[in-house]
Structure formats: C-alpha cells, structure tokens
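Secondary and tertiary structure notes
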Amino acid sequence: MLHTTQTEWNGYKRLDFVCEDHPGCMIFPHTPLKPGNRWIWRAEFLGAFDSVDRDLLSKGWCLAYFKISDMYGCPQAVEWMESFRSLVVAEWDLCEKTVLEGFSRGGLYACNYAAAYPDRVSCLYLDAPVLDIRCWPGGYGDYPRWETEWEDCKRWYGLTEETAPTFDGNPLDKAAFLCEKGIPVVLVAGLADRALHYEENGEKLLQIYQRMGGKIKAILKEGCDHHPHSLEDPAPITAFIEEVTA
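Described in the following lines is the structure provided in the data block. As the structure is a computational prediction, the values presented were derived from the model and not from experiment.

Turning our eyes to something else, we now look at the packing of aromatic side chains. Under the definition given, this model contains 13 aromatic pairs. Ring pairing ties together the aromatic residues Phe17, Phe28, Trp39, Trp41, Phe66, Phe84, Trp92, Tyr113 and Tyr117, which thus form one cluster. The cationic tip of Arg145 hangs over the ring face of Tyr140; the distance from NZ or CZ to the ring centre is 5.4 Å. Cation over ring: Arg155 sits above Trp156, and NZ or CZ is 5.2 Å from the ring centre.

Below is the structure:
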C-alpha cells in the first residue's frame, strides 16, 4: 500500500509520496470531474506561474508533480516518469492519458516523455520551453553557457563536447513524430526572451506543426522576457486544453 502524507495546497487536498526514490504529489479538486478523472501533470516548478493549474483544479481536474529535477528530460528521467504515471493512474483511478506541462526546462521532460509514450499524453502545454539542450544549458550559438548545468546534462545524456553538436535526441528532433501521433500543443512564449530565444525553440516547433497540419495554438507575448510564464487570465490556455481532451 502506498504511504502518503496529507497536507494542503492552496486550499486543496495534497498527498505526498515517494516513487523511484523521488518525491511526488497529487493535488485533488473539491469535486472531481467525471467521468474520467482528468489530470494535468507539471513537469517542473510546481506552484510557479500556476494560473492554469489553479483554474483546472477549480473545474475538477487533478494536479500531479514528480520532482526529478536536474535530469533535463534524459532517458532515465523518462523511465521514472512512466513509473510515476503508472502508479498514480492505478492508485487514484485517473485517466490513462495526461496533459503534460513543460515550463522552461520542463519542456525537455514533457516532450521527451510524450515522444516515448505518445498514447499516454492527450495534450502538451509548453511555456517558454527548452526544446534543444544545445541552446540551454549548452550555450551554443548566441546563448550563454550554464556551466554546472551543462556538465550535469552531458553526464545524464552520455555526451561529450565532441558528440554534443550532432546530438539528435532533442524535443525539436521529435516534433514531427509528436505531430504525426496527433498530440495537440498549446505553446506560450515571450518574444523578448533573453534567456531562451523563442526563435530557436518554440518557433521551430510551431513551424513544424504548421507545416504538417498539426493542431497547435501559439500564444505569443510581445515584449515579454522568459518570466513571467503563462497568462494572468488562463482562459485561452485552459479552453484549448478542455477542447482537445473533451
């Protein structure tokens, strides 16, 4: 039997537990949405810029988080994510498919998991996402290198300075596959992002989806830097999520 610890999150019931030796939690609405027990899964930064999470909770969705930070969406992280998904679906009778949120570096987790398990993802919500580790934290091109993070990232992916430039396991390399599998995307990004250039990440994903006729909604914020994420009024994002998961 799964051992959980109950607390409260913004007035909602929260249960914390351990999966694969890493902390995870489930947050439950006051009145679950039936049928199906739909849920949204935050890949990173639980509680940050969470207007969409709080809006969906108010509408009966569950919210999940699994803390495997500093793994940059590597294959081992994806395996542990599937262990987490299997656990929470069985434990709380959740919908087999989830909506994955990828904020910033969380985009690596969300997209790589969706590419590995496309039948278990109903939608991707990507917000100023990292979609190429060479851009961040690698610092290729016009980007500053995040030295500590890049060393960790290379270790998790088994890369060297010699092999990194030709690495083809990034979310952008999998975008066409995600589109072919019919995974809809809502993309939110600031056009003045100095930490993670939209042109090298979100825009390339958008172009691939548009070229292939995939379902994607882009919400682009003029003059907005990497922060703040999301929207003060989450309605355009939640409406898209509700539409594609109805």
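Using the criterion set out here, one finds 19 salt bridges in the structure. For the salt bridge of Arg155 with Asp152, the shortest nitrogen-to-oxygen distance reads 3.6 Å. Pair noted here: Arg155 and Asp152 are both in helix H4 (residues 147-157), with a separation of 3 residues, about one helical turn. Judged by its relative accessible area of 24%, Asp152 falls in the partly exposed class. Two residues, Lys215 and Glu243, come together in a salt bridge whose shortest N-O distance is 3.2 Å. Taken as a pair, Lys215 in the loop between helix H6 (202-212) and strand E9 (216-221) and Glu243 in helix H7 (residues 235-245) lie far apart in primary sequence, 28 residues in all. Each member of the salt-bridge network shares a partner with another, and the members are Glu82, Arg85, Glu96, Asp119 and Arg120.

What follows is about the sheet that holds strand E5 (residues 62-66). Strand order in the open sheet made by the 9 strands is E1-E2-E3-E5-E4-E6-E7-E8-E9, with mixed pairing throughout. Sheet topology places strand E1 (5-9) and E9 at the edges, where each strand pairs with a single neighbour. Strand after strand, the sheet turns through a mean of 20° between neighbouring axes, direction not considered. Bridge analysis of strand E8 (residues 185-190) against E9 gives 6 bridges, and the strand direction is parallel. In the sheet register, Ala189 faces E9, and the bridge partner there is Leu220. The strands that helix H2 (residues 75-92) touches are strand E2 (12-19), strand E3 (22-28), strand E4 (39-42), E5 and strand E6 (98-103); relative to E2, the one it contacts most, it runs at about 130°.

Each value, and the rule that gives it
- Residues numbered from 1 in each chain as written.
- Predicted model: local features only at pLDDT ≥ 70, side-chain atom pairs only at ≥ 80, totals over all residues.
- Heavy atoms only, no water.
- Phe/Tyr/Trp six-rings, centres within 6.5 Å; stacked < 30°, edge-to-face > 60°.
- Lys NZ or Arg CZ within 6 Å of the ring centre and 35° of its normal.
- Salt bridge = Lys/Arg side-chain N within 4 Å of Asp/Glu carboxyl O.
- Helix = DSSP H or I, 4+ residues; strand = E, 2+ residues; numbered from the N terminus.
- Buried < 20%, exposed > 50% of the residue type's maximum accessible area, 1.4 Å probe, protein only.
- Pairing = 2+ DSSP bridges.
- Axes fitted to C-alpha atoms, helices over the stretch in contact; angles between N-to-C directions.
- Contact = heavy atoms within 4.5 Å.

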